[in-house]
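# Chain and residue survey
What follows is each chain in one-letter form.
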Amino acid sequence: MPLGPARFLLATSRYLLRAHPGPPLRVRPGPGQFARVAQTAERALRHAGPGRCVVGALPFDENTPAVLAVGRMYSTARTTVATCGAAPARRAGPSAADPVYLAAVAEVVRRLRAGDARKVVLARSLTLAGRFDPTVTLDRLYRNNPGGHVFRLDLDSCAPGPDAHRPGVRGPRRTLVGASPELLLSRHGDRLLLNPMSGSAPRHPDRALDRSRAAELLGSAKDRREHALLVDELRRVLTPLCTSLDIPGRPDVVATARVWHLSTRIQARLRPPVPSALALAALLHPTPAVCGLPRAAARTLIDHLETHPRGYYSGLVGWMDRHGDGRWIIALRCAVVGRYGIRLWAGAGILPESDPDAELAETSAKFATMLDALGPLPVEHRLVPMPPRHA
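Residues numbered from 1 in each chain as written. Predicted model: local features only at pLDDT ≥ 70, side-chain atom pairs only at ≥ 80, totals over all residues. Heavy atoms only, no water.

## So, the sheet that holds strand 13 (residues 259-263)
Applicable threshold: One bridge is not enough; two strands pair if DSSP finds at least two bridges between them. Helical segments are the DSSP runs of H or I of at least four residues, strand segments are the runs of E of at least two, and each set is numbered from the N terminus. In this analysis, axes come from line fits to C-alpha atoms, helices being fitted only over the stretch in contact, and the angle between any two N-to-C directions falls in the range 0 to 180 degrees. Note on contacts: a residue pair qualifies if any of its non-hydrogen atoms lie within 4.5 Å across the two residues.
In space, the three strands of this open sheet follow the order 10-13-12, with antiparallel pairing throughout. Looking at strand neighbours, the two that pair on one side only are strand 10 (197-202) and strand 12 (252-255), the edges of this open sheet. Here the strands of the sheet are splayed against their neighbours by 30° on average, with no regard to which way each runs. The pairing of strand 12 with strand 13 spans four bridges and is antiparallel. Each residue of the ladder has a partner; that of Ala255, found in strand 13, is Trp260. Each of strand 10 and strand 13 touches helix 6 (residues 221-238); the most contacted strand, strand 10, lies at about 155° to it. Helix-sheet contacts for helix 9 (residues 356-374) involve strand 10 and strand 13, and the interaxial angle to strand 10 is about 90°.

Here it is, written out as structure tokens:
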């Protein structure tokens with residue numbers, strides 16, 4: 001069944017949520033924006049009627065405006081069983097050398113070895129010129145990624161005003177679409193669920209080699225350490241807020257169509273007064289899975305070395321109801337579709353022992369999720385070089 005057009009949509013194998021956003025919430029961007037967003041959303045929902053929710057997206061960077069609105073939510077149960085067999089033999093990701101990204105990774109490694117930070121997540125982006133239908137792309141994303149969180153958000157309908165920052169492809173119709181594997185959090189009453197992911201490896205079409213890659217990832221000291229940094233930081237932040245916190249002692253390995261991930265499922269009971277889902281998201285975001293550690297040092301390196309602002313890539317997409325319950329997904333494997341093109345992002349976690357070529361290959365595998373959903377590209381679609389951020 002096609003998902004169809006929607007100004008806000010979040011679909012998994014179990015349910016499909018649609019919303020029709022109303023007037024956008026207006027929150028001043030800048031330091032402290034995420035906390036202000038949570039407070040504004042809570043106030044707006046206190047005066048909203050039954051069935052109303054806040055829906056939309058938080059950016060990666062607090063200097064980029066959040067795009068959130070109060071709207072009516074419609075939920076439909078789905079019965080699709082989430083399965084993931086061998087990686088499909090679709091189009092390969094962009095494997096050509098990217099000397100700018102390789103140099104940036106090498107610089108991050110040098111800074112990490114000098115003690116400037118413990119981990120930095122470094123992203124790169126691609127732009128395809130041409131016309132793309134976000135509804136068709138969304139349906140393909142759902143078909144190719146039945147176990148993921150497939151989302152769509154009309155950025156302009158939720159934008160706080162005509163002067164809002166416009167990351168991604170310029171144009172009057174911008175749609176954020178993606179199929180993220182990672183749940184930041186889900187809150188229901190005092191119960192909290194998180195599913196952090198960090199440490200990954202590209203999948204292989206051959207089943208035996210694919211299983212071997214999964215086993216290697218699970219046994220990788222580097223990837224296990226990267227994952228532990230994430231889980232330990234979440235434990236540090238959540239412990240004062242919880243009466244119980246259940247964190248498994250070792251990660252599992254889970255698959256998307258293109259990538260294996262190390263994954264830990266965290267369950268907790270929140271201490272009264274229970275924070276809202278958006279207040280918790282504002283406290284945790286951005287996690288070490290998309291930024292690094294320490295957060296401030298990692299952000300400094302990201303701002304200096306990434307060639308283009310992330311916008312809503314590695315931000316959050318989700319919803320919250322008037323009871324404070326909600327679900328927030330990290331916006332990964334995503335793109336912004338504009339009238340004349342589409343921009344994609346992918347990132348990798350860099351540690352002192354990281355190899356630049358391996359990190360480039362990891363981002364290429366992650367790009368493939370979106371490239372698969374675009375289908376065969378006509379001749380007029382082409383990669384557009386991106387100028388450096390600081391040019």
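Once you've had a look at it, read on.
## Considerations on the packing of helix 2 (residues 99-113) against helix 8 (residues 295-305)
Test applied: When an angle is under 35 degrees it counts as roughly parallel; over 145 it counts as roughly antiparallel; between 65 and 115 it counts as roughly perpendicular; any other value is oblique. Each crossing is labelled by how the near helix is turned from the far one, with a counterclockwise turn of less than a right angle marking it left-handed and a clockwise turn marking it right-handed. Here the nonpolar group is Ala, Val, Leu, Ile, Met, Phe, Trp, Tyr, Cys and Pro; Asp, Glu, Lys and Arg are the charged ones; every other residue, Gly included, is treated as polar.
For the pair helix 2 and helix 8, the least separation of the axes is 11 Å and the interaxial angle reads 150°. Relative to helix 8, helix 2 is oriented roughly antiparallel. Crossing hand, helix 2 versus helix 8: right-handed. Contacts between helix 2 and helix 8 pair Ala104, Glu107, Val108 and Arg111 from the former with Leu301, His304 and Leu305 from the latter. Each residue belonging to the contact of helix 2 with helix 8 can be placed in one class, and the counts come to four nonpolar, one polar and two charged.

## Observations concerning the pairing of strand 17 (residues 326-330)
Applicable threshold: Exposure classes here rest on a 1.4 Å probe applied to the protein chains alone. A residue is buried below 20% of its type maximum, exposed above 50%, and partly exposed in between.
When you tally the buried positions in strand 17, you get five out of five residues, the bulk of the element. The two faces of strand 17 match: Gly326, Trp328 and Ile330 on one face and Arg327 and Ile329 on the other face are all buried. Examined bridge by bridge, strand 8 (residues 183-188) and strand 17 share four bridges and lie antiparallel to one another. Looking at the pairing, Ser186 lines up with Arg327 of strand 17. The pairing of strand 16 (residues 316-321) with strand 17 spans five bridges and is antiparallel. Each bridged residue has a counterpart across the sheet, and for Val317 the counterpart in strand 17 is Ile329. Between strand 16 and the antiparallel strand that follows it, strand 17, lie four residues; Gly324 among them carries a positive phi value of about 90°.

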